[in-house]
Amino acid sequence: MLALAALIGSTAVAYADDLQLCHDQSGDAAIVVCTRAIETGHWSKKNLAVAYTSRGVEWRAKGELDRAIADYTEAIRIDPAAYLAFYNRANAYRQKGELDRALADYDAAIRLDPLGYFAFYNRGNAYMQKGDIDHAVADYDAALRINRNDADIYHNRAVAYQRKGDNASAEADLAVEKRLRR
């Protein structure tokens, strides 16, 4: 009986270790551990969605965008409130040039976390790629209302202002960017 209890206890620790390693590791090692964690079937929906999202991050880092998107999609199916799955899938779609799909996922991420300024920032970048400068500026403005200390947002908004022909606003943003990067 004690041996069985010890085995069950050590198995539970191994499962927990896999989930933590899935989140903490990177590259092929993370993919292996995340896959093992997913295949155990011993997770809550939320933790399983985290494992799929973590593995998706690693697939995207390897340039395997379709595999990443598949993992993010599965995470969203399991947990429709998985902000990071929507956000990361949007980034993968944007990287593939599927901008309308990216925008839809950034919208979902923003609905789930209206204070997630990275979603506003990257949605602004997607709008820039589409040539929709006004929407890009509006999203950069929203991101800056949440975080005024991100030099990249000022830089990208300056580029948007330049494209609109508003050089005074562009120069002002570039000055703030320069100050923040010091």
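Conventions adopted
Residues numbered from 1 in each chain as written. Predicted model: local features only at pLDDT ≥ 70, side-chain atom pairs only at ≥ 80, totals over all residues. Heavy atoms only, no water. Helix = DSSP H or I, 4+ residues; strand = E, 2+ residues; numbered from the N terminus. Rg over C-alpha atoms; globule rule 2.2 N^0.38 Å. Buried < 20%, exposed > 50% of the residue type's maximum accessible area, 1.4 Å probe, protein only. Areas by Shrake-Rupley, 256 points an atom, 1.4 Å probe, with all protein chains shown as cover. Lys, Arg positive; Asp, Glu negative; His and termini not counted. Charge placed at Lys NZ, Arg CZ, Asp CG, Glu CD. Salt bridge = Lys/Arg side-chain N within 4 Å of Asp/Glu carboxyl O. Contact = heavy atoms within 4.5 Å. Core = buried A, V, L, I, M, F, W, Y, C linked by side-chain atoms within 4.5 Å. Disulfide = S-S within 2.5 Å. Expected span 1.5 Å × (residues − 1). Arc of directions from axis to C-beta.

Concerning the overall build of the protein
- Scanning the protein from N- to C-terminus turns up ten helices and zero strands.
- Walking the protein from its N terminus toward its C terminus, one meets helices and strands in the order α-α-α-α-α-α-α-α-α-α.
- What you see for the protein is a C-alpha radius of gyration of 20 Å, clearly larger than the 16 Å of a compact globule of 182 residues, by over 25%.
- Principal axes of the C-alpha set define a box for the protein whose edges measure 75 × 35 × 25 Å.
- The burial tally for the protein puts 46% of its 182 residues in the buried class.
- For the protein, the accessible surface area stands at approximately 9,800 Å², while carbon and sulfur atoms represent 53% of it.
- Separation between the mean location of the 24 positive side-chain charges and that of the 26 negative ones in the protein comes to 2 Å.

Description of the side chain of D79
- In this structure, D79 sits in the loop between α4 (65-78) and α5 (83-96).
- No salt bridge is formed by the buried D79, whose closest oppositely charged neighbour, K46, lies at an N-O distance of 4.8 Å.
- Excluding its chain neighbours within four sequence positions, the residues that come into contact with D79 are K45, K46 and A49.

Structural notes on the nonpolar core
- Judged by nonpolar contacts, the single largest core of 56 residues is most densely connected at Y140 and I153.
- Not counting chain neighbours up to four residues away, the residues in contact with Y140 comprise Y121, G124, N125, M128, I153, N156, R157 and A160.

Some thoughts on the state of the cysteines
- One pass over the full model with this rule turns up one disulfide.
- Bridging C22 to C34, the disulfide has an S-S length of 2.0 Å. What sets the handedness of the C22 and C34 disulfide is the S-S torsion sign, and at about 100 degrees it is right-handed. Taken together, the residues C22 in helix α1 (residues 2-24) and C34 in helix α2 (residues 27-40) connect sequence positions twelve residues apart.
- Its relative accessible area of 1% is what places C22 among the buried residues.
- For C34, a relative accessible area of 0% translates into the label buried.

Things to note about helix α10 (residues 167-181)
- With 15 residues, α10 ought to run about 21 Å at 1.5 Å a step, and its terminal C-alpha atoms sit 21 Å apart, in line with that.
- Along α10, the residues classified as buried are A170, D173, V176 and E177. Seen end-on, α10 carries its buried residues on one side only, within an arc spanning 125 degrees. For α10, the exposed residues set more than 90 degrees away from the buried face come down to A168, E171, K178 and R179.
- Of the surrounding secondary structure, the elements contacted by the buried residues of α10 are α9 (151-164).

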